[in-house]
Amino acid sequence: MPILFGNEFLIAGFVLTTIIFIMKSKRFDRVIVSYNLVFLALFGLHLLAYDKFILGIIVAYFMRIYFAYFTVKIIGKDIDKYIVNQIYFFSIISLIITFLIFINPSLADFIYSNITPLFDKITLFQPNRQHFIIYTMELGYKVEIPRNSGPFWEPGGFSVFLFIALTFNLIRDKKFFNKKNTIFLIALLTTQSTTAYLAFFIFVCIYILISYRSIYSFIMMPVLIFIFLNLYTNLNFMEEKVDKMYKESQKAGTEKVYSRIVSGKINMENFYSSPIFGIGRFFQVADDQNTGNNGTTLLLAEFGAVGFGYYFLMMFLSYRKYCRRYNFNSYFPLAIIAGLLVLGYSQGIFQKPFFMALCFMFMVKFDNKESYAATVFKNRLPVFNQPARLVQETN
């Protein structure tokens, strides 16, 4: 949300979760020690290699880690329910507001003139974003179909959380189309986010390929590819937007350009200079090098293959445990992470505590260890409304 980002709120969140963690007498897990050691070692290597050190950056980064860790430990097994229900609520609200603006464009002018100015003074992050807490007005709103940002900083940011909520709900309910997922999908469409459409396309393709239903793969893959290519070429905000970003990327180095493609290019150049351990977070970014627009390549550049691989290994283990809890295909996390990597290409998300928290979910007691140790499950992924089958192997 626009007013929930910035160091002030990071500090407040960290302090609050620390107090609750202590009050609830929670215990530290060994895994948080190993997680800290990995990234502390990477920071140490960056210090030795580049002779640069900024204490505030290290402190802030580990505050994010512990903010995420404490939150997961405090909320526990209900963390998925909180995420799904909150995003579901904001999805409904956002769809109502977006629809009202669509049928009555003058409503946008009224909101700009009379409502959003009331919230400008309490907006500490990206003050150029006009919002009224539960809904963010998209910049350049004079378009035929308004873009849905929900309560987040832009439509692309909203799409990330819609995607996460949809995948949680799909695993829990074992149905692609149910009431909540239908709302999530409609909201995702109204974001008009090119990256979100691409991420969802890749996610669905992998979802089908690992479902063990060859007939569905054979029939649906060509259909999905045709639909996506047709949308790409016929929707102005997709092909034209990508073409514009590509042309702007060619100007990089001759004039100041803020583009996700440019960010990715700069990050990859930094990654190639130190592919194993990365270049770290101590480098000051020049005004003409906005590398934060591309979260996926930024994480790769800062911590190299080691940090990047460890981060997503932890996330994979978390989602795999969650899938096992609901007897879902244990390869499904590959589809989720593939989608998140694409979404991260346009959003600087992987440095935020929320996404670090996704790496710690496997510490929550989702699994029933006794039944899982006694039985080996091989699940078929559900396609559309068909429930997943449970196949039990006997020795």
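Residues numbered from 1 in each chain as written. Predicted model: local features only at pLDDT ≥ 70, side-chain atom pairs only at ≥ 80, totals over all residues. Heavy atoms only, no water.

With respect to the overall build of the chain
Assigned secondary structure in the chain consists of 15 helices and four strands. Every one of the 395 residues in the chain was classed for burial, and the buried ones make up 49%. Within the chain, contacts between residues separated by at least 24 positions form 73% of all contacts whose residues are at least 6 apart in sequence. Split by element, the accessible area of the chain, about 19900 Å² in all, is 64% carbon and sulfur. (Helix = DSSP H or I, 4+ residues; strand = E, 2+ residues; numbered from the N terminus. Buried < 20%, exposed > 50% of the residue type's maximum accessible area, 1.4 Å probe, protein only. Contact = heavy atoms within 4.5 Å. Areas by Shrake-Rupley, 256 points an atom, 1.4 Å probe, with all protein chains shown as cover.)

So, the packing of helix α1 (residues 7–23) against helix α3 (residues 55–75)
Where α1 meets α3, the axes come as close as 9 Å, and the angle between the chain directions of the two elements is 45 degrees. Here α1 is positioned oblique relative to α3, judged by the angle of their axes. For the pair α1 and α3, the crossing hand works out as left-handed. When α1 is examined against α3, the residues Asn7, Leu10, Ile11, Gly13, Phe14, Thr17, Thr18, Ile20 and Phe21 are found in contact with a partner set consisting of Ala60, Met63, Arg64, Tyr66, Phe67, Tyr69, Phe70, Thr71, Lys73 and Ile74. Residue composition of the contact of α1 with α3, by class: 12 nonpolar, five polar and two charged. (Axes fitted to C-alpha atoms, helices over the stretch in contact; angles between N-to-C directions. Parallel < 35°, antiparallel > 145°, perpendicular 65-115°, else oblique. Left-handed = near helix turned anticlockwise from the far one by under 90°. Nonpolar A, V, L, I, M, F, W, Y, C, P; charged D, E, K, R; others polar.)

Observations concerning helix α13 (residues 332–344)
Between its terminal C-alpha atoms α13 stretches 19 Å, which fits the 18 Å expected from 13 residues at 1.5 Å a residue. Those residues of α13 that fall on the buried side of the exposure criterion are Phe332, Pro333, Ala335, Ile336, Ile337, Ala338, Gly339, Leu340, Val342, Leu343 and Gly344. Where α13 is buried, its residues contact α6 (155–173), α8 (194–209) and α12 (295–325). (Expected span 1.5 Å × (residues − 1).)

A few points about the pattern of salt bridges
Taken as a whole, this structure holds four salt bridges when the rule is applied. The salt bridge involving Asp78 is made with Lys81; its shortest N-O contact spans 3.5 Å. Classification of Asp78 as partly exposed rests on a relative accessible area of 28%. On the basis of relative accessibility, which here comes to 37%, the residue Lys81 falls in the partly exposed class. Among the ionic pairs, Arg172 bridges to Asp80, the shortest N-O distance being 2.8 Å. Within this pair, whereas Arg172 is found in helix α6, its partner Asp80 is found in helix α4 (residues 79–103), the two being separated by 92 residues in sequence. Assessed through its relative accessible area of 0%, Asp80 is described here as buried. (Salt bridge = Lys/Arg side-chain N within 4 Å of Asp/Glu carboxyl O.)

What is shown is where atoms sit, not what they do.
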